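Chain by chain, the residues run as shown.
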Amino acid sequence: MRKYCFIILVCLVIVGGIQAQPAIKVSGEVTKPLQLQTADLAKMKRVTVSMRDRDGNEHPYTGVPVAEILDQAGVTTGKQLRGENLTKYLLVKCADGYEVLFSLAELDSSFTDRTVIIADSSEGKPLPAGKGPFRLVVPGEKKPARSSFQVTELVIRWAKE
Amino acid sequence: MILSAATGFLGFGIRAPGVEPLTPVYPSYFGNRIDIPADNPLTVQGVQLGRMLFYETALSAGDRVSCATCHRQELAFTDGKRFSAGVDGTLQPRNTMSLANLLWVRNFFWDGRARGLEQQAETPLTNPHEMGQTLAVSARKLQSKTIYPPLFRAAFGSDTVTGLRIVQALAQFERTLISAGSRYDRYLQGAYQPTGSEAGGIALFYGKGTCGHCHDGPKTYGELFHNNGLDSIPRDPGRETVTGQPYDRGRFRVVTLRNIELTAPYMHDGRFSTLTDTSFITNPKFSNPFKN
């Protein structure tokens, strides 16, 4: 009996563990769909950027450039970002249903010096509940409305008219 | 564009002769982010069939319950109860939702677990505590009634009743439940002058009250999930059941406030019986991320 309890407990922990592990799903016009957890982001190229929050003050955020993530997923970035590829966009989806959009060129270092990142920490600490685990940080915008909280998905699509 | 495509084809199949495409009519300020699947375009005949099915008790075990038992038109498709009973008398765990402007909804139910109206319809039809009958049995029962095979032929080009066609017709009907005739709509169309208190309400709702952040725009609807602080420890995990993420605990989908005076009681658990109860929303305990 005790053995069964143990097995059930282990199963619960495993199931619970899988469910509770937050991740960012990268899909759409990609050659390699991704599912990135905190541990995966830790292994990628990391940068710290600063942005002005709703409180009016600049805060440092650390994480992975969105361009880096798109590169890994095989999205048309850099030299490939020309011609019809310029009509592609990134839709960022958040846990609460909030969505914001970027054209790929807005995120590409061959077009802009601004580095938009998926942040998972600030000043050495994980992001607070309600904002994290993953926040999009868009430096240099007058309103922080695109710096959305609890990012769950990055979807690349063609703008179709 | 989907609808003009329907002139030649019905989704992936050839359109049956005589099936007429139907264009939903709504004000331009609702925007066109509507959801009509390519394989289930709106047609006059499909909507007519769907309307009949919505009131059809044969879709339930024991032939006593239809969609309209819980979703009554005169109450903006609710039933005035805190929790509604299905075929076996068991009460539903959540309050019956009003059905308005579903054309703009992508994730259905209080926790957003059903993607699309076709998928949504399967739940009440087959849930043992709602209508309690498999789609196969429902299809067989309708097939044996003389009125239905010709209606399915008219809508789908074939006499054969299938579970898929049942949910498709229901979804088509529900997509035509558009609410756009309020005094507020007439005001937006320049045909009505709001009273002083109405104008004050509009300003508060879309301004300082920040209601419009979630109950967005003229539809008073945004596809968002929020925990608005009804309970410090939510009894119903809400969105968390769908995503498995603790941060989604107690989050529920924003609902439209159209026809709100008809849809009491309010909230996912029907805890408020009047709209003045819900004015707790203006009290400090209400957790509103848009209020500083």
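Residues numbered from 1 in each chain as written. Chains lettered and ligands numbered in written order. Predicted model: local features only at pLDDT ≥ 70, side-chain atom pairs only at ≥ 80, totals over all residues. Heavy atoms only, no water.

1. Quick look at the overall build of chain A
Part 1 of the argument: Of regular secondary structure, chain A possesses three helices and 10 strands.
Part 2 of the argument: Reading chain A from its N end, one meets helices and strands in the order α-β-β-α-β-β-α-β-β-β-β-β-β.
Part 3 of the argument: In chain A, 59% of the contacts between residues at least 6 apart in sequence involve partners at least 24 apart.
Part 4 of the argument: Put simply, chain A shows about 9300 Å² of open surface, and 56% of that area lies on carbon and sulfur atoms. (Helix = DSSP H or I, 4+ residues; strand = E, 2+ residues; numbered from the N terminus. Contact = heavy atoms within 4.5 Å. Areas by Shrake-Rupley, 256 points an atom, 1.4 Å probe, with all protein chains shown as cover.)

2. So, unusual backbone geometry
Part 1 of the argument: With an omega of 5°, the peptide bond running from G132 of chain A to P133 of chain A counts as cis.
Part 2 of the argument: The residue P133 of chain A is located in the loop between β8 (125–126) and β9 (135–137) in this model.
Part 3 of the argument: Backbone torsion omega between A264 of chain B and P265 of chain B reads -5°, so that peptide bond is classified as cis.
Part 4 of the argument: By the element assignment, P265 of chain B lies in the segment after β6 (252–253).

3. Digging into the interface of chain A and chain B
Part 1 of the argument: Each partner contributes residues to the interface: chain A has 13 residues there, and chain B has 12 residues.
Part 2 of the argument: The junction of chain A with chain B conceals about 950 Å² of combined surface from both sides, 43% of it contributed by carbon and sulfur atoms.
Part 3 of the argument: Notably, a salt bridge pairs E99 of chain A with R106 of chain B, separated by 3.6 Å at the nearest N-O pair.
Part 4 of the argument: Counting across the chain A and chain B interface gives three residue pairs in polar contact (both at pLDDT 80 or more).
Part 5 of the argument: Tallied by class, the residues present in the side of chain A that touches chain B amount to five nonpolar, six polar and two charged. (Buried area = accessible area lost by both parts, 1.4 Å probe. Salt bridge = Lys/Arg side-chain N within 4 Å of Asp/Glu carboxyl O. Polar contact = N/O pair within 3.5 Å; in protein donor to acceptor, adjacent residues only side chain to side chain. Nonpolar A, V, L, I, M, F, W, Y, C, P; charged D, E, K, R; others polar.)

4. With respect to the nonpolar core
Part 1 of the argument: Counting residues in each nonpolar core, the largest one holds 43 residues, and the members touching the most others are L53, L142, F152 and I166 of chain B.
Part 2 of the argument: Broken down by secondary-structure element, the contributors of at least two residues to this core are α2 (44–54), α3 (67–70), α4 (117–126), α5 (135–143), α6 (148–156) and α7 (163–175) of chain B.
Part 3 of the argument: Counting residues per element, this core draws most heavily on α7 of chain B, at six residues.
Part 4 of the argument: Among all residues touching L53 of chain B, those that are not within four sequence positions of it are L59, L142, Y148, F152, I166, A169 and L170 of chain B.
Part 5 of the argument: Of all hydrophobic cores here, the second largest spans 30 residues; its members include I24, V66, L70 and A105 of chain A. (Core = buried A, V, L, I, M, F, W, Y, C linked by side-chain atoms within 4.5 Å. Buried < 20%, exposed > 50% of the residue type's maximum accessible area, 1.4 Å probe, protein only.)

5. So, the pairing of strand β10 (residues 151–158) of chain A
All names here are of chain A.
Part 1 of the argument: Where strand β1 (residues 24–28) meets β10, four bridges bridge the pair, whose relative direction is parallel. From the neighbouring strand, V26 faces β10, where its bridge partner is L154.
Part 2 of the argument: Sheet topology note: the strand β5 (residues 88–94)/β10 ladder contains seven bridges and is antiparallel. Of the residues in β10, the one forming a bridge with C94 is V151. (Pairing = 2+ DSSP bridges.)

6. Brief notes about the packing of α2 of chain B against α7 of chain B
Residue and element names in this part refer to chain B.
Part 1 of the argument: α7 packs onto α2 with a crossing angle of 100° between their chain directions and a minimal axis gap of 7 Å. One finds that α2 runs roughly perpendicular with respect to α7. Side by side, α2 and α7 meet where G46, V47, L49, G50, R51, L53 and F54 of the first sit next to I166, A169, L170, Q172 and F173 of the second.
Part 2 of the argument: Across the contact of α2 with α7, the residue classes break down as eight nonpolar, three polar and one charged. (Axes fitted to C-alpha atoms, helices over the stretch in contact; angles between N-to-C directions. Parallel < 35°, antiparallel > 145°, perpendicular 65-115°, else oblique.)

7. With respect to the side chain of R94 of chain B
All names here are of chain B.
Part 1 of the argument: As for its placement among the helices and strands, R94 is situated in the loop between α3 and β3 (107–108).
Part 2 of the argument: Of the residues examined, R94 reaches a relative accessible area of 16% and is grouped as buried.
Part 3 of the argument: Here the side chain of R94 touches D111 through a polar contact of 3.0 Å, side chain to side chain.
Part 4 of the argument: A distance of 2.7 Å separates a polar atom in the side chain of R94 from a polar atom in the side chain of D236.
Part 5 of the argument: Dropping the residues within four chain positions of it, R94 is found in contact with F83, W110, D111, R113, D236, G238, F252 and H268.

8. Description of the sheet that holds strand β6 (residues 99–103) of chain A
Residue and element names in this part refer to chain A.
Part 1 of the argument: Here we have five strands laid out as an open sheet, ordered β2-β1-β10-β5-β6, and mixed in their pairing. Two strands in the sheet have a free side with no partner beyond their single neighbour: β2 (34–36) and β6. On average, adjacent strands in this sheet sit at an angle of 15° to one another, irrespective of strand direction.

9. Concerning the domain arrangement of chain B
All names here are of chain B.
Part 1 of the argument: Looking at chain B, the domain boundaries give domain 1 (2–175) and domain 2 (183–282).
Part 2 of the argument: On a C-alpha basis, the centroid separation for the pair domain 1 and domain 2 is 25 Å.
Part 3 of the argument: If you look at the interface, domain 1 gives 27 residues, while domain 2 gives 27 residues.
Part 4 of the argument: Summing both sides of the interface, domain 1 and domain 2 together bury roughly 2300 Å²; the carbon and sulfur share of this comes to 56%. (Domains from an automatic or database assignment.)

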